[in-house]
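Structural overview
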There are 2 protein chains.
Amino acid sequence: MNLTEMGINAKKAAMYLSQLGVTRKNEGLAAAAKALLYGKQEILSANRTDVVRAEDAGMSQALIDRLLLTPARIEAMAEGLLQVAALEDPVGEILSMKQRPNGLMIGKKRVPLGVIGIIYEARPNVTADAFGLCFKTGNAVILKGGSNAIYSNKAIVKCLQRGMQKADIRTDSLQLITDANRETTRQLMKMNSYVDVLIPRGGAGLIRTVVENSTVPVIETGTGNCHIYVDEGADLSMALNIIVNAKTQRIGVCNACESLVIHQAVAESFLPVLWSALKDKQVEVRADERACRLVPEFQRASEEDWETEYLDYIVSLKTVDSLDEAIAHINRYNTGHSESIITKDYEHAQRFLNEIDAAAVYVNASTRFTDGNEFGFGAEIGISTQKLHARGPMGLEALTTTKYIIYGNGQIRQ
Amino acid sequence: MNLTEMGINAKKAAMYLSQLGVTRKNEGLAAAAKALLYGKQEILSANRTDVVRAEDAGMSQALIDRLLLTPARIEAMAEGLLQVAALEDPVGEILSMKQRPNGLMIGKKRVPLGVIGIIYEARPNVTADAFGLCFKTGNAVILKGGSNAIYSNKAIVKCLQRGMQKADIRTDSLQLITDANRETTRQLMKMNSYVDVLIPRGGAGLIRTVVENSTVPVIETGTGNCHIYVDEGADLSMALNIIVNAKTQRIGVCNACESLVIHQAVAESFLPVLWSALKDKQVEVRADERACRLVPEFQRASEEDWETEYLDYIVSLKTVDSLDEAIAHINRYNTGHSESIITKDYEHAQRFLNEIDAAAVYVNASTRFTDGNEFGFGAEIGISTQKLHARGPMGLEALTTTKYIIYGNGQIRQ
């Protein structure tokens, strides 16, 4: 099927889904979950094909691990769909309704976005996760996964569609682009007539490609060059605890801490303790000159380090003379994701919250909490680092828009 | 000044404006309004230069009328700034604040977008209007107006900046691109590091250019191919009244009616009456075959007519056999702006509200109400016909985003 046909089908499916009640949608999710479990062997065998091809092509072990499916991972995908079914459906909520002086009743109603395109890498679990969130919010979805996972994705989509069919739901609510041609992906990024929004999920390169080439509106789910600033007079044991957590609790995630900013007043006492803890966790520190003088084992940071999201056992470290300098440094180099201050000072806490420009700004907590589940959304489609539409962790509401519904009785404009 | 320098300045101004209280912002707006009035002669004289150049270049009278400033129009611009000053400032509102089980207090706070780029045509009033709305919401703004209005825009911006200076406000809160080179506009559309959002204001061609070339997120303020559907059993005098209003009260605006959809059951009695009223207003009707048989003076519509926003004394007309057919026709050809049903039938009204995919869907009212002032927003920066971020008339809130502020006391992620 060509992309335009897929677009036409998706539009029709979106209209159908927008009128589907929550009970029917939840039945669809339950049936899709069941079909995933039922098709486990089929999915595992398709995944085996992808993994063997990837190994032959010399893919790194880390990437193969992301590609690999196990019975437990498939069960988790099915469980994820049931969790989404259990969440409240945001569609249909009336956000406001007011009567105007001329008698018009103007209401704002939450409705699905329509057709959502998801472009992602060779992570087959995204196939089921993204489908679940889009479907629950009444959106049709067109998936374009990494070509290294194509057999897995085909098998997963087949199972999900089989489930939908059992639940008597249009199977083109979910469509997968199976064509590995880059030109097809570029065409998807220009399908403004059929696709309402594109969400890229993956590394910085993928996201940049989509942002740069798409004429369809994009929600940028971005990289996280997240900072922790240790203020003058901070509780240093709290600071240590939070830094170790934010840097090492999970390394390859966007809300992990990548850069430390340390007030000079605490540097002398704090840096050696910090180094001892980070060394234990095999974390390399790339620091400015003043810090390197205090801890000779630190590496010297280059300008590039300040702007790097390592996703690795490395952290950059800058000393500053003031809160102002800390805020200026963070606002210059951050990626608008998550930033934290460790402080006992009331005014400094408030200023940091006010003046740092990021999706999530913390006082005395680990940046690792920027996550849909941790924020209480139940699930997330990604973390937006742009300012339009949604910012920060995106739950179901981020997959909806609104429309105005207006009740009149013959009003005309004067 | 080159564009990168402007971007750097705008970023700094945005940071400054984000911390400026509402009293100071209102002082700035009042001073800017005063400076516009004070500089009236200067602006008129600059505008005279633009108008003479435009006349020499053979610009149409309609466009010259948009370009032309008069003392009254300058006074209206100043009055507009004072009206924006009187509106409530949405910035700083806490939209929600919840405590999580781990004790984190997670709040969602409304904050400015940052730097807004506005690309518009030779309408100098937009210069002051757009500045007022962006400034009130704490955003720095970079304006790129039509090159035919460059002398007028320079004079207006000079006055506004003079006002800001009097009020002791950073004058680079407002910057105007004076370079008429198209390459400069293209560069603006790629300035993702400095510009948070672009809002094109103007005709379909301008908007398409921005959507197609911009990597900066765009809010599409679009065209309106607005329909009115007259249902079986509708109050035909109400229908006539609303159609004449929506089509002819103001011709060149995006919420004017461009297409009529008439149930066949009322066509025979309604179309002659409708034609008599529209003929009186010099409106040409381009209709399908069935309608033309009933009113031979109708022109025959082509496929192209169904998708045309005339902005003129022309309306297309299609007869249908059912509500289903009406909804399908409107969803196929509309531009997601404003659609209205005239009906007495409860279920038909509800189905139309639910199933029509548009920013504003009306029952028994003129489409002309889709407007920030009519919706009670006090002002509008445009009408969004896309689904991301804002949909329908955009007031001050549409020029803001949110950030999460999180109060912790040492929480780390398990």
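Report on the accompanying structure.

Cut-offs applied
Residues numbered from 1 in each chain as written. Chains lettered and ligands numbered in written order. Predicted model: local features only at pLDDT ≥ 70, side-chain atom pairs only at ≥ 80, totals over all residues. Heavy atoms only, no water. Helix = DSSP H or I, 4+ residues; strand = E, 2+ residues; numbered from the N terminus. Rg over C-alpha atoms; globule rule 2.2 N^0.38 Å. Buried < 20%, exposed > 50% of the residue type's maximum accessible area, 1.4 Å probe, protein only. Contact = heavy atoms within 4.5 Å. Areas by Shrake-Rupley, 256 points an atom, 1.4 Å probe, with all protein chains shown as cover. Lys, Arg positive; Asp, Glu negative; His and termini not counted. Charge placed at Lys NZ, Arg CZ, Asp CG, Glu CD. Phe/Tyr/Trp six-rings, centres within 6.5 Å; stacked < 30°, edge-to-face > 60°. Lys NZ or Arg CZ within 6 Å of the ring centre and 35° of its normal. Polar contact = N/O pair within 3.5 Å; in protein donor to acceptor, adjacent residues only side chain to side chain. Expected span 1.5 Å × (residues − 1). Pairing = 2+ DSSP bridges. Axes fitted to C-alpha atoms, helices over the stretch in contact; angles between N-to-C directions. Patch = residues over 30% accessible without salt bridge, like charges linked within 9 Å, V, L, I, M, F, W, Y side chains within 5 Å. Salt bridge = Lys/Arg side-chain N within 4 Å of Asp/Glu carboxyl O. Buried area = accessible area lost by both parts, 1.4 Å probe. Right-handed = clockwise from strand over helix to strand, strands pointing away. Least-squares fit on C-alpha atoms with pLDDT ≥ 70 in both.

**As for the overall build of chain A**
Helix and strand counts for chain A stand at 15 helices and 16 strands. Taken over the C-alpha trace, chain A has a radius of gyration of 24 Å; the compact-globule value for 414 residues is 22 Å, and the two agree within 12%. Projecting the C-alpha coordinates of chain A onto the three principal axes gives extents of approximately 70 × 70 × 35 Å. In chain A, buried positions account for 58% of the 414 residues. When contacts within chain A are restricted to residue pairs at least 6 apart in sequence, long-range pairs at least 24 apart make up 71% of them. Carbon and sulfur atoms form 47% of the exposed surface of chain A, whose accessible area is close to 16,300 Å². Where the 45 positive side-chain charges of chain A centre and where its 49 negative ones centre are 9 Å apart.

**Considerations on the packing of aromatic side chains**
Under the counting rule described, the total for this entry stands at 12 aromatic pairs over all chains. Ring centres 6.0 Å apart and planes at 80° place the aromatic pair A:Phe375 and A:Phe377 in the edge-to-face group. Exposure remark for A:Phe375: the relative accessible area of 7% places this residue in the buried category. Between B:Tyr229 and B:Phe352, the ring centres sit 6.4 Å apart and the planes meet at 15°, which makes this aromatic pair stacked. Highlighted residues: B:Tyr229 in strand S7 (residues 226–230) and B:Phe352 in helix H15 (residues 346–355), separated in sequence by 123 residues. Side by side, B:Tyr229 and B:Phe352 carry an identical accessibility label, which is buried. Among the aromatic residues, ring-to-ring pairing joins A:Phe375, A:Phe377 and B:Tyr404 into one connected group. When the ring centre of B:Tyr151 is taken as origin, the NZ or CZ atom of B:Lys154, which lies over that ring, is 5.8 Å away. We note B:Lys318 situated over the ring of B:Trp306; from NZ or CZ to the ring centre the distance is 5.9 Å.

**Here's the deal with the environment of B:Gln249**
Looking at the secondary structure, you find B:Gln249 in the loop between helix H10 (236–248) and strand S8 (257–263). A sequence separation of 141 residues divides B:Gln249 from B:Lys108, and the C-alpha atoms of the two residues are 42 Å apart. Sequence-distant contacts of B:Gln249, defined by excluding residues within four places in its chain, comprise A:Arg413, A:Gln414, B:Val244 and B:Arg368. Separated by 2.9 Å, the side chain of B:Gln249 and the backbone oxygen of A:Gln414 make a polar contact. Of the polar contacts made by the side chain of B:Gln249, one reaches the side chain of B:Arg368; its length is 2.6 Å.

**Observations regarding the environment of A:Thr308**
Residue and element names in this part refer to chain A. Mapping Thr308 onto the fold places it in the loop between helix H13 (303–306) and strand S11 (314–320). Given a relative accessible area of 23%, Thr308 falls into the partly exposed group. Residues Thr308 and Ser60 lie 248 residues apart in sequence; the distance between their C-alpha atoms is 21 Å. Setting aside chain neighbours within four positions, we find Thr308 in contact with Asn225 and Glu258. A distance of 2.6 Å separates a polar side-chain atom of Thr308 from the backbone oxygen of Glu304.

**Some remarks on H10(B)**
Residue and element names in this part refer to chain B. The end-to-end C-alpha distance of H10 is 18 Å, a good match for the 18 Å that 13 residues give at a rise of 1.5 Å each. Of all 13 residues in H10, 10 are buried; the element is thus mostly enclosed. Burial in H10 covers these residues: Met238, Ala239, Leu240, Ile242, Ile243, Val244, Asn245, Ala246, Lys247 and Thr248. The N-capping residue of H10, defined by a side-chain oxygen 3.1 Å from the backbone nitrogen of Ser237, is Asp235.

**Some remarks on the sheet that holds strand S12 (residues 338–342) of chain B**
Strand order in the open sheet formed by 10 strands is S1(A)-S2(A)-S16(A)-S13(B)-S12(B)-S7(B)-S8(B)-S11(B)-S9(B)-S10(B), and the pairing between neighbours is mixed. Strands with a single pairing partner mark the edges of an open sheet, and in this sheet they are strand S1 (94–99) of chain A together with strand S10 (299–300) of chain B. Here four bridges tie strand S9 (residues 284–287) of chain B to strand S11 (residues 314–320) of chain B, and the two strands are oriented parallel to one another. What sits directly across from B:Arg286, in S11(B), is B:Ser316. Its contacts with the sheet place H10(B) against strand S16 (400–411) of chain A together with S7, S8, S11, S12 and strand S13 (360–365) of chain B, and it is angled at close to 170° to S7(B).

**Quick look at a positive patch on the surface**
There is a patch of like positive charges on the surface, built from A:Arg182, A:Arg186, A:Lys190, B:Arg182, B:Arg186 and B:Lys190. Put simply, the parts of the chain that give the positive patch at least two residues each are helix H8 (182–188) of chain A together with helix H8 (182–188) of chain B. Mapped onto the fold, B:Lys190 is located in the loop between H8 and strand S6 (197–201). Under the relative-accessibility criterion, B:Lys190 is labelled partly exposed at 47%.

**Here we look at the interface of chain A and chain B**
Each partner contributes residues to the interface: chain A has 70 residues there, and chain B has 71 residues. Between chain A and chain B the total buried area reaches about 5,800 Å² when both faces are included, carbon and sulfur atoms providing 53% of it. Of all residues in chain A, the largest losses of buried area upon contact with chain B belong to A:Leu388, A:Tyr404 and A:Arg413, amounting jointly to 15% of the total for that side. Along the contact surface separating chain A from chain B lie six salt bridges.

**Concerning the pairing of strand S4 (residues 140–144) of chain A**
All names here are of chain A. Of all five residues in S4, five are buried; the element is thus mostly enclosed. The alternating pattern of S4 places Ala140, Ile142 and Lys144 and Val141 and Leu143 on opposite faces, both of which are buried. Here strand S3 (residues 115–120) runs beside S4; their pairing, made up of five bridges, is parallel. Within S4, the position partnered with Ile119 by the bridge is Lys144. With helix H6 (residues 124–136) bridging S3 and the parallel S4, this β-α-β connection has right-handed handedness. As defined by bridge partners, S4 adjoins strand S5 (residues 174–176) across three bridges and the pair is classed as parallel. From the neighbouring strand, Leu143 faces S5, where its bridge partner is Leu176.

**Re the sheet that holds S5(A)**
Residue and element names in this part refer to chain A. With parallel pairing, the four strands of this open sheet are ordered in space as S5-S4-S3-S6. With one partner strand each, in any of the chains shown, S5 and strand S6 (197–201) form the two edges of the open sheet. On average, adjacent strands in this sheet sit at an angle of 20° to one another, irrespective of strand direction. Helix H1 (residues 3–18) rests against S3, S4 and S5 of the sheet, and its axis sits at about 145° to S4. Those strands touched by helix H9 (residues 204–213) are S3 and S6, and its axis lies near 160° from that of S6.

**Looking at the relation of the copies chain A and chain B**
When chain A is fitted onto chain B, the two copies agree to an RMSD of 0.0 Å after a turn of 180° and an axial shift of 0.0 Å. When the rotation and shift are considered jointly, the pair of chain copies conforms to a two-fold rotation axis. Relative to the rotation axis, the closest C-alpha in chain A is found at A:His389, a distance of 1.8 Å. Interface overlap between copies: 100% of the residues of chain A at the interface are likewise at the interface in chain B, consistent with a symmetric, same-surface contact.

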